[in-house]
Amino acid sequence: MNHQAEIGASNSEHTATAPRGSVIDLSAVTKTFQRFQALHDVSVNIPTGVTGLLGPNGAGKSTLIKILLGLLKANSGRAHVLGLDVWQQSRQIRQLVGYMPEDDCYLPTLSGVECVQFAARLNCLPAVEALRRAHEILDFCGAGQERYRAVETYSTGMRQKLKFAQALVHDPPLLILDEPTSGLDPDEREAMLNRIRVLARSHQKSIVMCTHILPDVQQVSQYVVILAAGRVSVAQEMSELSRPAVPALNVRTLGSMEKLLLAFREHDLEAHGGAAGTVVVVGDSDECIRRVWRAAAAHDLVIRSLTPARNSMEAIFLDAVRNSTNGVTHADS
Amino acid sequence: MPIHKSAYRAWQGDRTSEWTRWWSICSTGIRRAARSLWLKRLMLAAFLPLLFFAIPFFLFEQSSRDPTTWRVFRGFVRGLPQVGMLKEKMDVLPMQPTAEQFESIRHDVWSFLLLTMLRYPQAMLIVLAVGIVAPPLISQDLRTRAYLIYFARPITRLEYIAGKVGVVGFFLLGFTACPALLLYLAGLLLSPGVDVVLTTWDLPLRILLGSACLIIPTTLVALAFSSLTLESRIAGFAWFAMWIIGHVTYSALIAVPAFEARRFQDFQPGWRLLTSPYQVLGNVQSYIFGFGENADMVGASFLILAVVSLASLAILFRRVNAPMRA
């Protein structure tokens, strides 16, 4: 199917983009619930493209989303979404944003297609057009005949698709997806990430993806914002974040890792053992790569993969959270 | 080119007016509520009293041509509750009234019959219908977190509440105004000439006004109950309890023996009806149809309905957005 072909074509790794315009602009936003400070002086610009919004539980992600949708009022600060003021133009913002909530939300007794049609009608699509569009979006989301079943009988995966379809049905330029892949099996998860890629690349949608599944963020995001304890801990391009402090190459071999290490050292390459049978070679220049191939050929070793080393999302996330927690502790003390 | 392309396509089209959003909520709510089998049965039952009350209409209109049916009509009407409101006017007529005498009481007779239908069978059905339709309307949205579907879109609280009120209002119109207007139409068809419209033209307006006085407070109270809980059965229980407790209190107060009356000397008899929502609504409807049974209490009854409606509206406004603020 064309749709699958389109998804398949977009499956390759994303590339870092040039500096882009911002879709969300927050400046010194603070939100307090009685004694609990949910957001503390949050200032961040989220560019177009796919942005991963990360943070441990209670970091303030949901509060931030509600503020962006104009459902909560911040105590202070300034916020713009798609150039519209959150405090004064929240209805226009909600018209232009598709929000997929993390919570299971549905209208019992309605079928899947009726739910999506209803979401479209709430965004002022005419009734018949809303039904046509609902079918179109459910096709895109890979929903089959189950669209005619009552939503309360749906599996978790099907409900995720339904929420995604409801968020997308009115063709918004900005999507805010809260845990879009949670509860999905590996195939469905991959399909969901592909849909996100397709929307971002082929249809120029800006997407803010709020998730705890870090590999998902690394796979599709171009920009990452990490919130910790109500503060922005990291806000950076994924390509920058992934780049290790010292450039390096990850090399995998079909043969012995020890032999490979020995071969590299004989060819004056600085190398050490990495995780999961990987050899890490310091440096990523063309000369370095040539020497890697030469060393392997000289020792009759087969190289299975040779990729530039990237920081893992887990490491980035843990560092950001740890630093932020320390910051708070220091400030408090 | 494939016949069916399932890739994503951008949407460009004309949107409907923002004012249609409440109607989207309302029409979807009506569709969902109409799936209840019990509600369908009740809707059917709502039109049965129409057949019953068409009989006195027929007998009355027939009396002007055949005086013998006047006695049958009087006998029939005597069996109806609160016939005292009409008795005085019927008693002044001779056993065989003239056409002019019939003309003089037609308006009162029609008003009485319409009021009786609205106050007794229809009012009972309304209590049951609202008990089925209203309780899940908001509580279910809170339980299934469907409020996120509404409020993550450009829906205001007012549009949401208007949509929900519209759902209950739609069904209540089917229980009140529709059968009553059909009965009025039946009366016109049974009457000797079209000029009857000239003397009864105000009755459709009274029907609509009486229905509005019934629909607005009952709908708002029922929705306020629904918004206060996540369990629709609790909201339903509160709804029925309100009517039952009110009626039992009223019945107990009017049953106080005469020798106990001294203890309640400051408690005027008319005030007793204010303890029962059913009696308050009935008193207002009687006034609208031109019967001043408890005329001194009409102002207080209207005031109670207004206060209850406003308080319910305030609760609704506060509650429907509460989950989003959490």
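Sequence order as written defines the numbering, with residues in each chain counted from 1. The order in which chains are written sets their letters, starting at A; the order in which ligands are written sets their numbers, starting at 1. With pLDDT at 70 or above as the cut-off, local features in this predicted model cover only qualifying residues; side-chain atom pairs require 80 or more to be listed or tallied, and sums for whole chains, interfaces and linings still use all residues.

**Q** Which parts of the structure should I look at to understand the sheet that holds strand β6 (residues 97-100) of chain A?
**A** Sheet strands line up and pair through hydrogen bonds in the backbone, either parallel or antiparallel. Residues and elements named next belong to chain A. Spatial ordering of the open sheet is given by β6-β7-β8-β3-β9-β10, a layout of six strands whose pairing is mixed. Looking at strand neighbours, the two that pair on one side only are β6 and β10 (231-237), the edges of this open sheet. If you compare each strand with its neighbour and ignore which way they point, the axes differ by 15 degrees on average. DSSP-based pairing: two strands are paired if at least 2 bridges between them are found. Only DSSP runs of H or I reaching four residues or more are called helices, and only runs of E reaching two or more are called strands; each is numbered from the N terminus. Relative to β10, strand β9 (residues 223-228) is paired through six bridges, and the arrangement is antiparallel. Bridge pairing in β10 places L227 opposite V232. The axes used here are C-alpha line fits, helices contributing only the stretch in contact, and every angle between their N-to-C directions lies in the interval 0 to 180 degrees.

**Q** How do you make sense of the confidence of the model for chain B when you look at a structure like this?
**A** In low-pLDDT regions, the fine details of the predicted coordinates are not to be read closely. Values of pLDDT, ranging from 0 to 100, describe the predictor's confidence in every residue of the model. The pLDDT averaged across chain B works out to 86; a share of 89% of its residues lies at or above 70. In the model output, the complex is listed with pTM 0.83 alongside ipTM 0.84.

**Q** Help me understand the interface of chain A and chain B, please; the structure alone is not making it clear to me.
**A** Quoted interface sizes are often the accessible area lost when the parts come together. Taken together, the contact pairs 40 residues of chain A with 32 residues of chain B. In terms of residue count, the dominant contributor to the side of chain A that touches chain B is helix α5 (residues 127-140) of chain A (five residues). Classes in brief: Ala, Val, Leu, Ile, Met, Phe, Trp, Tyr, Cys and Pro nonpolar; Asp, Glu, Lys and Arg charged; the others, Gly included, polar. Its residues assigned to classes, the side of chain A that touches chain B shows 20 nonpolar, eight polar and twelve charged. What counts as a contact here is a pair of residues whose C-beta atoms, placed from the backbone, lie within 7 Å.

**Q** What's the story with the nonpolar core in this structure? I'm lost.
**A** A general tendency of soluble globular proteins is for nonpolar side chains to be buried together. Among the nonpolar cores identified, the biggest contains 164 residues, and A:L68, A:V116, B:L114, B:V168 and B:L223 are the most heavily contacted of them. Filtering out sequence-adjacent residues up to four positions away, B:L223 remains in contact with B:A134, B:L137, B:I138, B:K164, B:V165, B:V168, B:S312 and B:L316. As used here, a nonpolar core is made of buried Ala, Val, Leu, Ile, Met, Phe, Trp, Tyr and Cys residues. They are joined through C-beta atoms within 7 Å. Between the buried cut of 20 or more and the exposed cut of 12 or fewer other C-beta atoms within 10 Å of a residue's own C-beta lies the partly exposed class, and all C-beta atoms are placed from the backbone. Judged by nonpolar contacts, the second largest core, of 15 residues, contains A:L249, A:V251, A:L260 and A:A263.

**Q** It is not clear to me how helix α4 (residues 112-122) of chain A should be interpreted in this structure. Could you clarify?
**A** Structural remark: α-helix, 3.6 residues per turn; residues separated by three or four positions point the same way. Within α4(A), eleven of the eleven residues are buried, which leaves it mostly tucked inside the rest of the structure. When α4(A) is considered as a whole, its buried residues turn out to be A:G112, A:V113, A:E114, A:C115, A:V116, A:Q117, A:F118, A:A119, A:A120, A:R121 and A:L122. Packing partners of the buried residues in α4(A) comprise α5 and α6 (156-168) of chain A together with α1 (21-33) and α8 (147-151) of chain B. Trailing α4(A) by a residue or two, A:C124 shows a phi angle of about 70 degrees, which is positive.

**Q** Just to check I follow, could you spell out the packing of α1(B) against helix α9 (residues 157-175) of chain B for this structure?
**A** A pair of packed helices is captured by two measures, namely the crossing angle of their axes and the spacing between those axes. All names here are of chain B. Look at α1 against α9: their axes get within 8 Å of each other, and the N-to-C directions meet at 40 degrees. Classed by the angle they form, the pair α1 and α9 counts as oblique. Handedness of the crossing formed by α1 with α9: right-handed. In contact with R21, W22, I25, C26, G29, I30 and A33 of α1, α9 contributes E159, Y160, A162, G163, K164, G166, V167, F170 and F171. When its residues are assigned to classes, the contact of α1 with α9 shows ten nonpolar, three polar and three charged. Angular relationships are summarised with four words: roughly parallel below 35 degrees, roughly antiparallel beyond 145, roughly perpendicular across 65 to 115, and oblique for the angles in between. For any pair of crossing helices, the crossing counts as left-handed if the nearer helix is rotated counterclockwise from the farther one by less than a right angle, and right-handed if it is rotated clockwise.

**Q** Just to check I follow, could you spell out the sheet that holds strand β12 (residues 271-273) of chain A for this structure?
**A** Residues and elements named next belong to chain A. Ordered in space as β12-β13-β11-β14, the four strands form an open sheet in which the pairing is antiparallel. Both edges of this open sheet fall to β12 and β14 (303-308), since each of them pairs with a single strand only. Shown here is a sheet whose adjacent strand axes are inclined to one another by a mean of 25 degrees, direction ignored. Bridge count for β12 against strand β13 (residues 279-282) is three bridges, and the pairing is antiparallel. Of the residues in β13, the one forming a bridge with A271 is V281. Strands in contact with helix α11 (residues 286-298) are β11 (248-253), β13 and β14; relative to β11, the strand with the most contacts, it is inclined by about 20 degrees.

**Q** Please explain the pairing of strand β2 (residues 36-47) of chain A as it appears in this structure.
**A** Every regular strand shows the same layout, with side chains that alternate between the two sheet faces. Residue and element names in this part refer to chain A. Pairing between strand β1 (residues 22-33) and β2: eight bridges, direction antiparallel. In the sheet register, V29 faces β2, and the bridge partner there is V42. Taking the residues between adjacent antiparallel strands as the criterion, β1 and β2 are bridged by two residues, where Q34 takes a positive phi near 50 degrees.

**Q** Looking at this structure, how should I read unusual backbone geometry?
**A** Of all residues except glycine, most have a negative phi; of all peptide bonds, most are trans. Residues and elements named next belong to chain A. Phi angles above zero are rare outside glycine, and E179 is one such case at about 50 degrees. Relative to the elements of secondary structure, E179 occurs in the loop between β7 (174-178) and α7 (186-202). With 20 C-beta atoms packed within 10 Å, E179 lands in the buried category. For D268, which is not a glycine, the phi torsion comes out positive at approximately 60 degrees. Within the secondary structure, D268 sits in the loop between α10 (257-266) and β12.

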